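This is what each chain is made of:
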Amino acid sequence: MFLKIMFILAATMTLGGAFLTAYTKNLMHACVYLLVSLFGVAGLYATLGADFLAATQLVVYAGGVVILMLFAIMLTGGIQNFVNKFGLDKVPSMGNGKTYTIAGLSMIITAFIIMKVLAPIFKTNVQGELPAFASTVEEIGVLLVTDHVLAFEISSILLLGALVGAAVISRPRRGK
Amino acid sequence: MNETVVSYLSQAPGYALLVEKLSEFFGFDAEGFVTFLIFALVCFVVVNVMSAIGGLGTYAERKISADLQMRQGPNRVGPFGILQFLADGVKMLGKEDILPAQADRFLFLIAPLMCMVGVFASLAVVPFSSGLTLTNLNIGVFYLIGVSSLVGVGIFLGGYAANSKWSMLGGMRGASQIISYEVPVTLSILAIVLMTGSLSFNVITDAQGGLPHQWYIFHNPFTFIAFFVLFIGALAETNRAPFDLPEAESELVSGYHTEFSGMRFAFFALAEYVEVFVVCGVVAALFLGGYKVPFDLGNGELIAKTFPAIHPMLAKQIGNVLQLKAFILKTLALYYVVIWIRWTLPRLRVDSLMVLCWKYLTPIALFNLVGCAVWLWAFEGKSMWAMIFKSGVAAAGGHH
Amino acid sequence: MISLTSYLIISFCLFIAGMTVMIARKNIIAMLLGIELILNAAAINFVAYTRFVNQNLDGHVMSLFIIVIAAAEAAVGLAIVIRFFQIKETIHIDDATELQS
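Residues numbered from 1 in each chain as written. Chains lettered and ligands numbered in written order. Predicted model: local features only at pLDDT ≥ 70, side-chain atom pairs only at ≥ 80, totals over all residues. Heavy atoms only, no water.

### Re the overall build of chain A
Okay, step 1: For chain A, the helix and strand inventory stands at six helices and zero strands.
Okay, step 2: The order of helices and strands in chain A, counted from the N terminus, is α-α-α-α-α-α.
Okay, step 3: The proportion of buried residues among the 176 residues of chain A is 40%.
Okay, step 4: Taking all contacts inside chain A whose residues are at least 6 apart in sequence as the whole, residues at least 24 apart take part in 57%.
Okay, step 5: For chain A, the accessible area works out to roughly 9,900 Å², and carbon and sulfur atoms hold 74% of it. (Helix = DSSP H or I, 4+ residues; strand = E, 2+ residues; numbered from the N terminus. Buried < 20%, exposed > 50% of the residue type's maximum accessible area, 1.4 Å probe, protein only. Contact = heavy atoms within 4.5 Å. Areas by Shrake-Rupley, 256 points an atom, 1.4 Å probe, with all protein chains shown as cover.)

### Thoughts on the overall build of chain B
Okay, step 1: Across its full length, chain B holds 15 helices and two strands.
Okay, step 2: On C-alpha atoms alone, chain B measures out to a radius of gyration of 23 Å, which is about the 21 Å that the 2.2 N^0.38 rule sets for 400 residues.
Okay, step 3: The dimensions of chain B, computed from C-alpha atoms along their principal axes, are 75 × 70 × 40 Å.
Okay, step 4: Excluding contacts between residues fewer than 6 apart, the proportion of contacts in chain B whose partners are at least 24 apart in sequence is 76%.
Okay, step 5: Carbon and sulfur atoms make up 72% of the accessible area of chain B, which amounts to about 18,600 Å² in all. (Rg over C-alpha atoms; globule rule 2.2 N^0.38 Å.)

### What about the layout of surface pockets?
Okay, step 1: By volume, the second largest pocket is sized at about 2,000 Å³.
Okay, step 2: Forming the boundary of the second largest pocket are 47 residues, of which Phe2, Met6 and Ala46 of chain A together with Thr135 and Leu137 of chain B lie nearest the centre.
Okay, step 3: Residue composition of the lining of the second largest pocket, grouped by class: 34 nonpolar, eleven polar and two charged. (1 Å grid on protein atoms, 1.4 Å probe; cavity = no way out; pocket = protein on both sides within 12 Å on 5 of 7 lines; lining within 4 Å. Points joined across faces, edges and corners; volume = space filled by probe spheres on them. Nonpolar A, V, L, I, M, F, W, Y, C, P; charged D, E, K, R; others polar.)

### Re unusual backbone geometry
Okay, step 1: A positive phi angle, close to 55 degrees, is found at Met70 of chain B, a residue other than glycine.
Okay, step 2: Within the secondary structure layout, Met70 of chain B lies in the loop between helix H3 (31–68) and helix H4 (84–94).

### Remarks on empty space enclosed by the protein
Residues and elements named next belong to chain B.
Okay, step 1: For the structure on display, the rule yields three cavities of 30 Å³ or more.
Okay, step 2: Lining the largest cavity we find 17 residues, and of these Leu144, Ser148, Val185, Glu237 and Val279 sit closest to its centre.
Okay, step 3: Every element with two or more residues in the lining of the largest cavity is listed here: helix H6 (140–148), helix H8 (165–196), helix H10 (221–237) and helix H11 (262–287).
Okay, step 4: Residues that form the lining of the largest cavity fall into these classes: ten nonpolar, four polar and three charged.
Okay, step 5: Its volume calculated, the second largest cavity comes out at about 70 Å³.
Okay, step 6: Looking at the second largest cavity, the residues that line it are Cys115, Val151, Ile155, Thr238, Asn239, Glu247, Tyr256, Phe268, Ala271, Glu272 and Glu275.
Okay, step 7: Top contributing element to the lining of the second largest cavity by residue count: H11, with four residues.
Okay, step 8: Considering only residue class, the lining of the second largest cavity consists of six nonpolar, two polar and three charged.

### Focus: the environment of Ile28 of chain C
All names here are of chain C.
Okay, step 1: Counting through the fold element by element, Ile28 comes out in helix H2 (residues 28–52).
Okay, step 2: Given a relative accessible area of 15%, Ile28 falls into the buried group.
Okay, step 3: The spacing of Ile28 and His92 is 64 residues in sequence and 6.4 Å in space, taken between C-alpha atoms.
Okay, step 4: In contact with Ile28, other than residues within four places in its own chain, are Val81, Phe84, Ile91 and Ile93.

### Re the domain arrangement of chain A
Okay, step 1: For chain A, the assigned domains read domain 1 (1–79 + 87–120) and domain 2 (134–176).
Okay, step 2: One C-alpha centre belongs to domain 1 of chain A, the other to domain 2 of chain A, and the line joining them spans 24 Å. (Domains from an automatic or database assignment.)

### Remarks on the interface of chain C and chain A
Okay, step 1: The interface is formed by 72 residues belonging to chain C together with 83 residues belonging to chain A.
Okay, step 2: Around 7,000 Å² of area is buried between chain C and chain A when both sides are counted, 77% of it from carbon and sulfur atoms.
Okay, step 3: Linking chain C to chain A there are zero salt bridges.
Okay, step 4: Along the contact surface separating chain C from chain A lie nine residue pairs in polar contact (both at pLDDT 80 or more).
Okay, step 5: Breaking the side of chain C that touches chain A down by element, the ones donating at least two residues are helix H1 (4–24), H2 and helix H3 (58–88) of chain C.
Okay, step 6: At 24 residues, H3 of chain C tops the list of elements feeding residues into the side of chain C that touches chain A.
Okay, step 7: Taken together, the residues of the side of chain C that touches chain A break down into 49 nonpolar, 13 polar and ten charged. (Buried area = accessible area lost by both parts, 1.4 Å probe. Salt bridge = Lys/Arg side-chain N within 4 Å of Asp/Glu carboxyl O. Polar contact = N/O pair within 3.5 Å; in protein donor to acceptor, adjacent residues only side chain to side chain.)

### Focus: the arrangement of the chains
Okay, step 1: No other pair among the two pairs of chains in contact exceeds the contact count of chains A and C.
Okay, step 2: The two units chain B and chain C are non-contacting; their minimal C-alpha-C-alpha distance is 13 Å.

Shown next, in the form of structure tokens:
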């Protein structure tokens, strides 16, 4: 019962946030709706018994990625020219009716393909008793340094590379 | 199943009776209903008490600042002016709720609420006592870091939405400061998590003792430094002086909440004061023994043994009240230090703020983390007092 | 009843929304928002399969790596966007037509 209410709440947040992210014309609002959607995803993780992942989702997205996005919007907003270098009218940056039509059509095709793939799963959806929720922190910790230790190390190198790369790229160039 | 305030209260003899009576009354198993009822009641109490503490925080701030500057401070409303915050609240409610014409309406409305939600959601895991923890999550520390980062988003959006230059600068400063200082804060919290091997606040608190030499702050030299790193970082994360750049009165009129008036401004102020309380509570729980009372008076076993006449549950309740007092005492002592620092130190510049974070605190916190790991490996997690005591005994034995 | 199917449908809708954002928008930051949605859709699938099909926690670890990669991608992507803005003074995707600046 409680789980169901939680699930419906989280699903509504996720899908509503995602829909509004796609719908709104204001980039700042889109970012806030994305935050709502990501919180909903954290709620879905919680209903799936993935407590550590839910907290990680909150820490990384709410604390890091969304604020970073907001910062980037603030640093790049302002100048808007509506013609490109050939003097032709550009598509507005948040899309217009034409782009949405194209996106909608291609999404219908994609949806049919994915549904074709998912259909056998929907048909054979038998499940027994689900295990009770347990703490996953210790098990994830053990898995990270035993089974997945190579991926763990590679991801740490990736993060270091991203850190250095982001600093180097966004640094203003000398003599310019 | 995590330990919650309900599972603590369910040990009381009245609980089973209540469930039984209600089940008879409603005709279905009322266990879930009673759980919900207790949670709702305790949440209501905690939120209201915290709001009162946040309000009293403004009073304490004014009174202590007056004391430090040899003034009287508020003294008209109630005895010693203690009802000043209620008067302020009524004044705030009566003010007009101004929405600037150029403002981004939607963001302007939700920004103060985001701050409030972030702070009050983090109250769910603050360990007030071993019984009165709303829920003892096994990822409590992590959850708190995640939820309280909503405050940064709220401040940033508040600064953006008002569409004024002061607000914009304040919001930008606030967000950059909060995400920068999250790094040393998290690293120094990780040092304690490393020592304990758990992310749950209650487990961390239970690993410490009631007396100062059993606290984690005096466990080894690295945790001693980590405490100060965490405290400085917490000051910066809650935008308190000397790091109150987002609301620097002398440069940006009042920073990100320049354009807010009435209850919206009050939400920001309340969120800030409650967040200071939460942060002080977290520092107390992680480093100063939290709710631990000396000589294990807190778990009620000693009381039950000394006075066999009273019910063991009553002894437990007395122990819990003692624990609550210990926690509040430690937290308020830190709260006093925060206010004291605010009225003593001048404000930093923006660049020196970032230099302090990235060039000093973060390397120190990293060094501490490695140091704690080495200490754990080398001395098997013994505290330095235990080792001094042991070597002292060995030296005394050697003289014979 | 909450089953694997409901989670798959949610993740499917999230993926569709993310792809729509990526195709319909011409602002690079808005497209990055779409990428975040798509990555989250994938992560939900991993965790849902862990819960309902096989109970070892490999799916959780994979989702953890997805979150890590999403964070790294956002950092580098936004750095590139800011650099692009410094050079071109726009972040419209149709202006990114040259390899060299």
